[in-house]
Amino acid sequence: MIITRKRFVVLFLFISICSIAQEKKEMKRGGEVLFNPKTNSCLSDSDRAAIVNRLTSNITQLRVENKYRVPTSKAATSFGWPVQKSVDAPYNETWAISYYIDHDTTFGIIDYNCGNKAYNGHKGVDIYTWPFWWEQMELNHTEIVAAEAGQIIYKQDQNFDKNCSGSGQWNAVYVQHADGSTAWYGHMKKESLTTKEVGDMVSKGEFLGIIGSSGNSNGPHLHFEVYDSGGRLIDPYFGGCSSLNAVSWWDNQKAYRDSNINAVLTHSDYPDFNTCPEIESSNLQNNFSLTDTVILGVYLREQLPGTTIDLEIIRPDNTIKDSWTFDLVDDYTISYWTWTDIPDMIGEWTWKATYLGQTITHNYSVSTLSVGDFNLDSVAVYPNPANHTITIQPINEDYDIKLYDISGREVLRKHHTGAMSHQLDVSYLSDGVYVLSIKTISGKKRNLKIVKH
């Protein structure tokens, strides 16, 4: 075949265009994140025995007070999922599973599905928060709810809730069901427990507390432990290597590897997971300027090798700025992946990820707002996190204050005159992450993330 010069140029351009179109966007930072790699036991044998004694004592007292709901149902208990994300959590989902129950009574390890996703002697299901477990705990983003209706027969609270290596007593709620079985909900955040008292009834799905790291714990997670009416340990899961019960106790048993996109997010800088128990620097941001670099993040649970994520960056006019496929080669319980992009249009953008048939989108705004403008660094803004008020130290000129929520919506605007400290009332705002923007009359700016709790 003879290719003329004209045809050669056309062919070269065609090949070049195809090469550009197929070029993958470079992943900048990411990989596996480990939770509780030390596999500390959630409860010692002596702790467990003391709890059983207290449950028996409380039931006796409830009988004396004629408050005990005697279990009479012959219907089997059927659990709903014991955690849920809060209404203001900026994620698609907020949890992952670190360990199942160990069915091997010797020194070996085997879970209900004949795998080794357990540790020796583990008697519960451990469900932890992902992404940003400490930030989630601080902002109450993952709630513990009653898996089944029943009567509270014991509560433990006021114990330290930011353990990193495991020690002390946990905060927990214990619920007995109509068939006589009992569920233990452990490691809760201090002072987050339901206000209901021992003897009160709870309905299925009712709030019990917030995931924390009290007791023998290496990080925020729920330890869910179940016993039947005879005091025998139950694994709510059922599979090929189950040795504790003959059927599943779940309404709808989740997959052993329940792969999921937990979050699709944008950041002002790469997230830093820090050292336990320091709250992670998530650097979440949804407002950018045309000169900002946007950090685009995807957070997975149960990443499967040989799978792919399809990714798109969509402009405000609905044109696609970039699209590519990211190959996943490793087997990770949880992982995150980030890319960078510089926007070229003002308006609302869409960051889109598709994994195993699930598509999650995240919107962010591009305008003149930039959290990268820090030319008022000497001005202190405190406390952060804040509860009722934020104090801004004196600035030697008049300035405007704007506060944006995590979706980019303006929720507060103030003008301050004079060189006095200024106190900003945030008590009426919902708990969450905000961007505080300060701009002086001379054009100086400072924008920073504020956490309200």
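## Thoughts on the environment of Ile 110
Here Ile 110 shows up in the loop between strand 3 (95–99) and strand 4 (125–129). For Ile 110, a relative accessible area of 24% gives the class partly exposed. Separated by 280 residues in the primary sequence, Ile 110 and Ile 390 have C-alpha atoms spaced 51 Å apart. Sequence-distant contacts of Ile 110, that is, excluding residues within four places in its chain, are made with Ile 101, Asp 102, His 103, Asp 104, Gly 115 and Cys 241.

## Considerations on the state of the cysteines
Applying the stated criterion to the full structure yields two disulfides. Linked covalently through their sulfurs, Cys 114 and Cys 241 form a disulfide whose S-S length is 2.0 Å. With the S-S bond torsion at 105°, the cross-link from Cys 114 to Cys 241 turns out right-handed. Of this pair, Cys 114 sits in the loop between strand 3 and strand 4 while Cys 241 sits in the loop between strand 12 (233–234) and strand 13 (260–267), and the two are 127 residues apart along the sequence. Disulfides within the chain link the bonded cysteines, taken in sequence order, as 1-3, 2-4. No disulfide involves Cys 42; its sulfur sits 14 Å from the nearest other cysteine sulfur, which is in Cys 276. Residue classification places Cys 42 among the buried residues on the basis of a relative accessible area of 3%.

## A look at the pairing of strand 19 (residues 347–355)
Two strands pair when backbone bridges link them, and strand 16 (residues 307–314) and strand 19 are joined in this way by six bridges, in the antiparallel orientation. Within strand 19, the position partnered with Ile 314 by the bridge is Thr 350. In textbook terms, the turn of a hairpin is the stretch between consecutive antiparallel strands, and for strand 19 and strand 20 (residues 358–367) this stretch comprises two residues, one of which, Leu 356, has a positive phi near 50°.

## Some thoughts on the sheet that holds strand 22 (residues 389–392)
Reading across from one edge, 21-22-25 is the order of the three strands in this open sheet, with antiparallel pairing throughout. Because the sheet does not close on itself, it has two edges, and the strands there are strand 21 (381–382) and strand 25 (422–425).

## Considering the side chain of Gln 136
Assignment of secondary structure puts Gln 136 in helix 3 (residues 133–139). Among residues more than four places away in sequence, those in contact with Gln 136 are Tyr 91, Thr 94, Thr 129, Trp 130, Pro 131, His 141 and Thr 142.

## Remarks on the confidence of the model for the chain
On average, residues of the chain score 88 in pLDDT, and 91% of them reach the 70 mark or higher. Across residues 1–23, confidence stays below pLDDT 50; counting only partners more than four residues off in sequence or on other chains, it has three contacts. Of the regions scoring below 50 in pLDDT, residues 370–374 engages in 16 contacts with residues more than four places distant in sequence or in other chains.

Parameters at a glance
Residues numbered from 1 in each chain as written. Predicted model: local features only at pLDDT ≥ 70, side-chain atom pairs only at ≥ 80, totals over all residues. Heavy atoms only, no water. Helix = DSSP H or I, 4+ residues; strand = E, 2+ residues; numbered from the N terminus. Buried < 20%, exposed > 50% of the residue type's maximum accessible area, 1.4 Å probe, protein only. Contact = heavy atoms within 4.5 Å. Disulfide = S-S within 2.5 Å. Pairing = 2+ DSSP bridges. pLDDT = per-residue confidence, 0-100.

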